[in-house]
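# Coordinates in review
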Amino acid sequence: MSFLQEDQDDMSNLLRVEWTIIPQIPPQPWLDCSACSAPKPFECSGKARLNANGKKLDAWLIYECSACSKTWNRPIFERRSIGDIDAKTLQALQSNDPTWIRARAFDLVALRRRTRRIGEFDDADVRKVVLSMTPVWSAVEINLVVPMLASIRVDKLIASEFGLSRNRVQSLWAASALRSDTDGRDMLRRRVRTGARLVLDVVELNDRVSIEMAACGR
Ligand SMILES: [Zn+2]
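Report follows, based on the coordinates. (Residues numbered from 1 in each chain as written. Predicted model: local features only at pLDDT ≥ 70, side-chain atom pairs only at ≥ 80, totals over all residues. Heavy atoms only, no water.)

### Notes on the packing of aromatic side chains
- The final tally for this structure, using the stated rule, is two aromatic pairs.
- Measuring from centroid to centroid gives 5.3 Å for Tyr 63 and Trp 72, while their planes differ by 55°, and the two rings are tilted. Like Trp 72, Tyr 63 is buried.
- One Lys or Arg, Lys 128, reaches over the ring of Trp 19 and ends 4.8 Å from the middle of that ring. (Phe/Tyr/Trp six-rings, centres within 6.5 Å; stacked < 30°, edge-to-face > 60°. Buried < 20%, exposed > 50% of the residue type's maximum accessible area, 1.4 Å probe, protein only. Lys NZ or Arg CZ within 6 Å of the ring centre and 35° of its normal.)

What follows is the structure, given as C-alpha cells:
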C-alpha cells in the first residue's frame, strides 16, 4: 500500500458503513425425482419433521420437487437418543421455528454431503448501518457481515448496490479507487464473507450524494 492510499484511508476521511448480507433463496439440491423420472431442483419447504421410534428420534428437513411437489426428506439427524439432543433443537423442530430452519436450509456444507449438484442463487437483501461519518469524507469504507452462507460475489454486490456495471467495478478496482486491506486481488470474484472490508473513493464529486445514499441505504 502506498503512502498516498494510507493517507486516503485515514479515518477522518471516511464514511464507514456496515452491510449485513441476507441471502433470499436457499440452495436447491438436484435429485432424481421418481415422479418426474428426471433430475429436478428441490426447494426447501420451510418445514421440518420429527419422528419418534421407541426412544430414538429422527429429524428431517422437507424439500419439494420444483416441478411436481414430490417430497424429499433431508436427514438432520437419525436414530438419535432424546437425551443427546439439546432442548433448543428439539423445541425448534417441534415448532417449525423459521429462523432455525432457515439456518439449516442455507447450510451448504451439510447439503453437499447429501448431493453433488446444488443450485445456488445470489439474490440478497442488504441491511445497512452507518458506523461513523465525518463532515468531509472522500471515501466509503464498507464492512461486510454475512451471518449465513450467501452466494453473491463481491463484484455483483458492489455493482448492484451502487448502480454500476460490473465493468465499471472492475476498472475502479484496477485503478485502486476500489480496494481492500482484508482480501487479495481476486476478491471481486469471491463470495461475500464476514470480516471483508472494502474502500470506495468518491472519484467524481458530483457522485457524492448518490454514493452516500447507496452506502447508507437511504
Ligand atoms: Zn418431480
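Okay, back to it.
### Observations concerning the coordination of the zinc ion
- Ligation of the zinc ion by protein atoms is provided by Cys 33 (SG), Cys 36 (SG), Cys 65 (SG) and Cys 68 (SG), these donors lying 2.2 to 2.3 Å from the ion.
- Its four donor atoms give the zinc ion angles of 101 to 114° at the centre, a pattern that matches the tetrahedral case.
- Residue Cys 65 is classed as buried on the basis of its relative accessible area, which comes to 2%.
- Looking at Cys 68, the relative accessible area reads 33%, which means it is partly exposed. (Donors = N, O, S within 2.8 Å, 3.2 Å for Na, K, Ca; no water. Tetrahedral: all angles 85-135°; square planar, octahedral: opposite > 155°, others 65-115°.)

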